[in-house]
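Notes for the structure review
Chain by chain, the residues run as shown.
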Amino acid sequence: MTKREFMDLIESKIVIVDGATGSNLQKRGMPSGVCPEKWMIENPQAVIDLQREFLEAGSDIIFAPTFTANRIKLKEYGLADQVEALNRKLIGLSQEAVMNYQKNRNSDRKVYIAGDLTMTGEQVYPVGDLKFEELVNVYKEQLGYQLAEGIDLVVVETMMSLQECRAALLAVKERCDLPVIVSLTFQENKRTLFGTDPKTAVIVLQSMGVDAIGVNCSTGPDKMHEIIREMKEYAHIPIMAKPNAGIPQLIDGETIFPMGAEEFALEMEKLVEEGAAIVGGCCGSTPEHIRRLSKQVENKKTHRIPRTHVRALTTEKNTREIDLSGSFMVIGERINPTGKKQMQDELREGKLSLVLKMAQEQKELGADILDINLGMSGIDEKEMMIQVMEEVLRTTELPLCIDTSNPDVMEAALRLYPGRALINSISLEKDKSERLLPLAKKYGAMFILLPVSEKGLPKNIEEKKEIITTLLDRAYKVGLTKEDIIIDGLVVTVGANPKAAIETIETIRFCKEELGIATVVGLSNISFGLPMRQYINSTFLSFAIQAGLTMAIANPSQELLMNTALAADLLCGKEDSAGRYIEKSVKVSQKDEEKAKNIRVDQGKSKEEESKKPGEAIFEAVVKGNRKEIIDLVKEDLENGYQAADIIDQFLIPAINEVGQLYDQQIYFLPQLIAGAEAMKKAIEFLEPMIERTSDENKGTVVIATVAGDIHDIGKNLVSLMLKNYGYRVIDLGKDVPTDTILKTAKEEDADIIAVSALMTTTMVEMKRIVQIAREQGLRAKVIIGGAVITQGYANEIGADGYSKDAQSAVGLVERLVKKQKDE
């Protein structure tokens with residue numbers, strides 16, 4: 001299937017994909033706890049019949065049952081060496097289903113088979129230990145065997161991490177040219193488990209070249225409307241909706257999806273009206289659900305796919321839109337070692353404290369984007385760029401502008417950047433556009449167009465426009481659009497060229513009014529070599545904003561500059577500019593003393609740093625997830641006379657509490673929660689040998705596991721880590737743990753708490769058995785449950801002693817239950 005054939009299908013009808021695989025196969029005999037892929041190979045007719053029934057119900061595309069047939073997942077069952085055999089045979093089952101359908105119906109209706117990829121269950125570095133390139137290779141390996149069997153397209157589904165989506169998409173693009181759909185699963189807060197919202201997912205993945213994007217699993221169709229609407233607002237590609245048949249309920253020990261086929265079809269029709277072009281079902285949806293759905297939407301008109309593109313940069317969790325007529329934006333320029341000896345020394349020593357301090361300060365001072373330039377001697381620029389990028393993103397969550405003249409460094413950074421970055425820059429200098437424009441397209445980046453040629457700076461405005469036009473043509477030929485480009489106005493000093501400011505202003509007007517393209521300038525260049533530069537810079541800035549300047553690379557600590565930008569926006573009548581100006585004015589009047597807190601990194605420590613109280617740096621390291629420096633900070637406080645126990649009680653525990661509160665407020669998401677917990681763990685492991693504990697000091701014993709048949713353990717691992725950080729003795733049995741093993745361990749260890757998790761609706765029923773048998777055996781341990789599919793209502797229904805929605809609330813729940821036991 002070519003990409004053109006895929007779009008022709010989308011434009012011809014509402015495309016129907018299949019329904020659930022796992023829940024239907026369980027009804028047909030697949031027991032919980034087995035390797036699904038192995039069972040399907042051993043019971044091929046069940047799979048063939050199910051997929052044939054979906055085709056008979058109206059599915060245009062069926063997903064081959066290769067969902068978890070990757071090396072990492074199969075390793076859980078000792079089957080990592082059977083990746084090739086399982087994928088080939090499973091694709092063969094789908095092909096047999098198609099042949100049976102066409103033979104039985106005597107039909108030549110064209111139907112398609114999608115090779116299916118999903119998450120591996122391991123977290124990608126820096127959140128986990130799995131390296132990005134290893135993950136790409138895991139997907140390439142699985143996909144290669146599917147391609148050998150002749151799939152028509154690829155679907156990457158039920159994804160919770162945008163970075164893993166990127167890895168899978170790159171694997172597909174680097175192995176074939178088939179159409180690819182990427183589908184994510186969102187929580188009630190309309191973010192993935194890792195914190196990505198629908199808008200960010202759409203912008204990042206469609207800029208990288210995905211052919212359709214969607215949402216699957218998550219919830220029922222009645223709860224999916226807002227996600228589809230948000231995707232539709234930003235997408236210029238088709239949208240897929242593949243929800244569950246409602247929220248699962250446990251009835252008489254069986255997981256039931258309550259939404260019947262008729263209600264499901266009616267709700268799905270609404271999603272089609274809101275923008276879904278590809279529809280089907282996930283958990284609990286049967287061939288009858290798909291049959292009703294197909295009938296319900298068969299006369300629906302297809303959606304016109306918009307051709308307008310979005311001008312925006314992102315991180316993994318957040319998006320910064322760039323509006324040609326919107327608020328002026330600042331690219332913070334301070335992370336650049338040129339002329340900064342202290343930064344150079346630290347970078348050579350592998351330290352990032354100064355870089356991270358600058359990143360945070362620039363964010364607080366109003367920067368919208370951070371430029372990262374590490375061009376200096378004595379370091380491996382590629383390795384350092386990646387380290388700095390990862391740590392700065394963790395610290396600020398501002399999108400980054402990757403500033404390097406080395407194409408290899410640029411590609412390494414873009415490949416690992418977990419969102420949509422900005423390239424600084426691409427010019428007509430030798431080989432630059434040939435190397436860098438394809439990278440911008442492949443990795444979905446925006447870029448700064450620098451109007452410089454091999455001859456050097458343009459001699460006049462006409463030559464500058466000619467260079468701009470040439471570069472634009474080259475960009476358009478590789479598939480980039482004007483929304484992917486920001487043109488540098490190319491400021492030179494008025495000290496050398498009296499018309500420099502006028503020519504730059506003309507360039508800005510030309511780009512905005514004639515080309516409809518965003519602009520940027522390196523602001524301080526205008527005053528180079530002149531005295532009292534801040535006045536020239538700020539005056540030029542106000543002229544440039546009036547002419548339509550979109551953003552500038554500047555130092556946000558320069559108060560005159562930042563306030564001039566706010567005033568210029570106000571005078572230009574930009575939306576919400578009055579509110580922003582007044583808000584800044586109030587802050588200045590209330591906190592006039594904060595002028596002393598401007599960045600002084602070149603002169604050593606600021607007054608703020610010198611007056612920092614003991615322990616504050618440790619507290620901040622946990623809150624920021626700074627694992628690299630926390631041991632040095634702990635050592636420093638130990639040398640200053642603090643006891644190990646005091647550091648834990650006074651700094652580390654309050655810090656992790658703060659992380660938990662930020663998580664509860666949805667300011668932090670899973671990666672920051674994990675980073676903070678890991679930083680605390682590292683400090684506690686260092687301090688623990690210095691603390692003499694008695695047996696009475698043990699806060700309690702917790703046996704924790706993922707239930708039998710469930711190999712997902714992200715949440716369980718985090719709960720385990722948090723409980724250890726709070727002083728509990730935690731016995732982590734791992735994932736897919738038999739109920740007998742959990743209960744036997746709890747009895748032998750005289751556990752206070754049994755904590756079990758489940759991510760799948762098909763395995764959550766095991767929790768009821770654990771509660772029942774624990775009561776029958778008279779265990780004193782309290783049973784608590786959690787996981788993506790678990791609710792307080794389910795906990796009440798099965799008689800569990802408690803439910804927690806996340807790791808932070810699990811700590812509080814355990815504390816209450818252990819205290820209650822002791823009081824009894």
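Per chain, residues are indexed from 1 in the order of the written sequence. Note on the predicted model: pLDDT of at least 70 is required for a residue's local features to be given, and 80 or more for side-chain atom pairs to be given and counted; whole-chain, interface and lining totals, by contrast, use all residues. Each side-chain value is derived from all of the structure's non-hydrogen atoms; neither hydrogens nor water enter the calculation.

**Structural notes on the pairing of strand β17 (residues 446-453)**
Of all the 8 residues making up β17, 8 are buried; the element is thus mostly covered by neighbouring parts of the structure. The two faces of β17 match: Met446, Ile448, Leu450 and Val452 on one face and Phe447, Leu449, Pro451 and Ser453 on the other face are all buried. Between any two strands, pairing holds if DSSP finds at least two bridges. Strands are runs of DSSP state E lasting at least 2 residues, helices are runs of H or I lasting at least 4, and numbering of each runs from the N terminus. Relative to β17, strand β16 (residues 422-428) is paired through 5 bridges, and the arrangement is parallel. By the bridge assignment for β17, Ile426 is matched with Leu449. Crossovers are marked right-handed if the path from the first strand over the helix to the second runs clockwise, as seen with the strands pointing away from the viewer. In the classification by handedness, the crossover that spans β16, the intervening helix α17 (residues 432-443) and the parallel β17 is right-handed. Both β17 and strand β18 (residues 485-488) contribute to a ladder of 3 bridges, which runs parallel. What sits directly across from Leu449, in β18, is Ile487. Any residue under 20% of the maximum accessible area for its type is buried, any over 50% is exposed, and the rest in between are partly exposed; the area is computed with a 1.4 Å probe on protein chains only.

**With respect to the packing of helix α7 (residues 132-149) against helix α8 (residues 162-175)**
To obtain an axis, a line is fitted to C-alpha atoms, over the contacting stretch when the element is a helix, and the angle between two such axes runs from 0 to 180 degrees between their N-to-C directions. In contact at an axis separation of 8 Å, α7 and α8 are set at 45° when each is read in the N-to-C sense. Between α7 and α8, the crossing angle belongs to the class labelled oblique. Every pair of crossing elements has a handedness; the one defined by α7 and α8 is right-handed. Contacts from Phe132, Leu135, Val136, Tyr139, Lys140, Leu143, Gly144 and Leu147 in α7 reach Gln163, Glu164, Arg166, Ala167, Ala168, Leu170, Ala171, Val172, Glu174 and Arg175 in α8. In the scheme used here, Gly and all other residues not listed as nonpolar or charged are polar, with Ala, Val, Leu, Ile, Met, Phe, Trp, Tyr, Cys and Pro taken as nonpolar and Asp, Glu, Lys and Arg as charged. When grouped by side-chain class, the residues that make up the contact of α7 with α8 number 11 nonpolar, 2 polar and 5 charged. Throughout, the term roughly parallel applies to angles under 35 degrees, roughly antiparallel to angles over 145, roughly perpendicular to angles from 65 to 115, and oblique to all others. What makes a crossing left-handed is the near helix being turned counterclockwise from the far one by less than a right angle; a clockwise turn instead makes it right-handed. Should any heavy atoms of two residues lie within 4.5 Å, those residues are considered in contact.

**Some remarks on unusual backbone geometry**
The omega angle of the peptide bond from Tyr125 to Pro126 is 10°, so this bond is cis rather than trans. Along the polypeptide, Pro126 turns up in the loop between β3 (112-117) and α7. For the peptide bond that leads from Asn424 to Ser425, omega is 10°, which places it in the cis range. Structurally, Ser425 is set in strand β16. The phi dihedral of Thr158 is positive, around 55°, even though this residue is not glycine. For Thr158, the position within the fold is in strand β4 (residues 153-159). Relative accessible area serves as the criterion here: at 17%, Thr158 is assigned to the buried category. One non-glycine residue with positive phi stands out, namely Asp576, at about 65°. Checked against the element boundaries, Asp576 lands in the loop between α21 (559-571) and α22 (577-590).

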